[in-house]
Amino acid sequence: MHRWTDNQVRESSSGIFCSILLLGLLLGGIAWLCASLIPFSFWLAEIRSLTATGQITFFTYDYYRGMRLRLALIGTGNIAAAVALLRMRQQMYQSVGRVFADCMVLSRDIGSAARSLPAIDLFGVTAFVLLAAFLRISFLYQPIRSDEAYTFLQYSSHPFYVALSFYNSPNNHLFHTLLVRIAYLLFGNRLWALRLPAFLAGLALVPASYIAARSLYRNGGALLASGLVATSSILVEFSTNARGYSMICLAFVAVIPLAGYAVRHQNRAAWFMLAVVSALGFYTIPIMLYPFGGVVVWLVLLATFDDGQPETRSVVREVAVAIVLTVLITTELYTPVLAVSGPKSVIANKWVVANPFHVFVRELPLSLASTWRLWNRDLSPLITVALAGSFLVSLLWHRRCSRFRVPLTLALTLWVVFLLFLQRVVPFERVWLFALPLYFMASAAGFAALFSPIPNRRSVPYVMALIAIGVALFEGSRVQSSPSIYMSTDGRGIEALALYLKGELKAGDSVVTASPSDALLLYYFQKEGVPSSYINAAAKPGRMFVVVNKMSGDTVQKVLQETKRTVGDSQTAKLLVKYDSACLYDVRQ
């Protein structure tokens with residue numbers, strides 16, 4: 001039986017890859033051009049069929065003209081790119097061949113590194129993955145949150161061509177939406193299914209953090225870092241929240257060892273994988289700009305300070321190529337959004353509008369303080385102090401415990417500070433979740449550095465493993481017994497309230513509810529087969545039920561005002577039922 005040589009495999013793989021790339025660009029360009037020729041009446045009827053009422057306001061003829069122009073431009077650009085690559089096919093083939101050659105080297109190095117891992121670390125990481133799964137599984141069935149409900153109703157429940165092109169809100173975490181859509185089609189409208197992509201990313205974050213920590217630091221803190229990631233309260237929460245934040249965490253942590261390997265070995269496969277993973281992060285949420293920029297600054301600083309890698313110019317050139325490749329892949333992934341929703345929906349929406357400088361300076365410290373509290377939620381005070389102190393140790397003794405001259409934490413901080421003051425935007429606390437695993441890695445490395453004076457160095461890995469297991473079990477028990485994650489859910493009691501209304505509603509009734517409870521109630525109405533037309537229906541002779549969500553600070557008066565209902569002194573509100581934080585009132589004149 002004939003066995004292929006490495007050169008034959010590389011040449012065959014390169015040819016297949018180049019052919020698929022050219023064919024994909026060409027067919028994609030033709031498809032976009034064909035889509036630009038579809039008449040306005042067809043699109044309008046199609047969009048109306050996707051709404052509950054058949055009414056649509058945003059899709060005007062002017063909107064259609066802009067969309068048609070963008071479709072034509074994207075189609076033309078794809079075809080032009082295919083033609084340009086075809087004319088440069090020899091250079092493209094050689095470049096792809098070098099990537100595949102380096103891929104074989106990378107795979108061999110990965111195999112060698114995996115075989116050299118200590119057995120106790122393999123046992124520990126496996127145990128922490130199982131512990132992480134145990135902590136997270138029960139929260140897969142917690143009540144749906146308003147952001148989850150909105151995301152599902154607006155995007156994931158619709159066909160792919162709608163879910164991946166309609167970007168009226170940054171809530172649409174596109175790559176996550178794609179995976180949730182697949183899970184929904186496979187398993188149906190079940191909460192655990194909608195949360196499955198976030199859950200799997202949260203589990204993968206545990207071994208990924210171990211690998212990243214080993215790539216950054218030379219001491220035995222990697223296992224402790226993975227244990228902290230497995231049992232972090234806020235990471236458990238977002239691993240069971242159908243949003244894309246756990247995927248951003250995973251993308252950032254996956255980029256770290258790729259970047260370290262690429263800059264040390266000048267391996268083109270590692271550079272290419274870095275660009276692909278980063279592009280998938282951007283495709284999930286544009287906030288990938290924070291971690292990606294931090295890694296880029298780190299790589300440039302490493303090149304500048306000559307950390308043992310090849311000459312600076314070569315490293316900077318490879319970083320520039322990786323940036324360009326990331327931008328190209330990201331742009332291609334976003335083409336449905338750019339064509340249908342327009343570029344402003346991504347880069348100029350209301351969430352990225354700059355604040356006045358005095359507002360920014362006043363609000364940013366408060367937001368960072370709130371972020372710090374979330375990072376340390378459910379941690380014991382002793383471990384919180386120990387981690388903070390160990391983090392400072394990792395900075396002071398950086399050369400002693402790190403494999404690189406420049407701390408990634410420092411580079412990331414410099415980039416984030418620069419970008420914040422450039423944008424003058426105060427991000428939500430959850431935006432900084434990606435940096436938490438890195439904080440755990442640095443803290444664990446600083447803690448492990450404290451053991452460096454021990455004469456018997458062979459015992460240190462076992463001592464660190466015992467500490468990591470003890471800390472993980474202790475903190476895991478605290479998370480399991482704490483109500484923090486459940487109490488942060490704004491959908492508590494809404495499902496029971498929807499079931500109650502299912503048996504009570506009659507023709508002419510109206511259920512008045514304000515944001516965000518309207519999305520929560522609509523989700524459960526659709527799931528239980530209750531007509532959505534009851535929600536905020538126009539005033540009719542029937543009864544008016546008012547939903548008051550204590551998590552949102554609702555009152556009957558506030559809900560009526562926000563939904564522009566007449567508020568009169570003669571109205572009486574009678575409490576009908578109360579389920580957890582959700583109350584239902586019968587309001588009458």
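Residues numbered from 1 in each chain as written. Predicted model: local features only at pLDDT ≥ 70, side-chain atom pairs only at ≥ 80, totals over all residues. Heavy atoms only, no water.

Here's the deal with the nonpolar core
Residues Leu 216, Leu 235, Tyr 290, Trp 298, Phe 434 and Met 441 are the most contacted members of the largest nonpolar core, which totals 103 residues. The element best represented in this core is helix H13 (residues 245–265), accounting for 13 residues. Not counting chain neighbours up to four residues away, the residues in contact with Phe 434 comprise Ile 248, Cys 249, Phe 252, Tyr 290, Pro 291 and Leu 412. Among the nonpolar cores identified, the runner-up in size contains 27 residues, and Phe 525, Ile 535, Val 577 and Ala 582 belong to it. (Core = buried A, V, L, I, M, F, W, Y, C linked by side-chain atoms within 4.5 Å. Buried < 20%, exposed > 50% of the residue type's maximum accessible area, 1.4 Å probe, protein only. Helix = DSSP H or I, 4+ residues; strand = E, 2+ residues; numbered from the N terminus. Contact = heavy atoms within 4.5 Å.)

Digging into the pattern of salt bridges
Here the structure, examined in full by the defined rule, presents 13 salt bridges. One salt bridge connects Arg 377 with Glu 237, and the closest N-O pair in it is separated by 2.8 Å. Taken together, the residues Arg 377 in the loop between helix H19 (357–375) and helix H20 (381–396) and Glu 237 in helix H12 (residues 233–239) connect sequence positions 140 residues apart. Linking Glu 504 and Arg 543 is a salt bridge whose minimum nitrogen-to-oxygen distance equals 3.7 Å. Of this pair, Glu 504 sits in the loop between helix H26 (494–502) and strand E1 (510–512) while Arg 543 is found in the loop between helix H27 (517–528) and strand E2 (544–549), placing the two residues 39 residues apart along the sequence. Classification of Arg 543 by relative accessible area gives partly exposed; the value is 23%. One continuous salt-bridge network, built from bridges that share partners, spans Arg 145, Glu 237 and Arg 377. (Salt bridge = Lys/Arg side-chain N within 4 Å of Asp/Glu carboxyl O.)

Quick word on the side chain of Ser 226
Locating Ser 226 in the fold gives a position in helix H11 (residues 222–231). Once you skip the residues sitting within four places of it in the chain, Ser 226 turns out to touch Val 125, Phe 128, Val 206 and Tyr 210.

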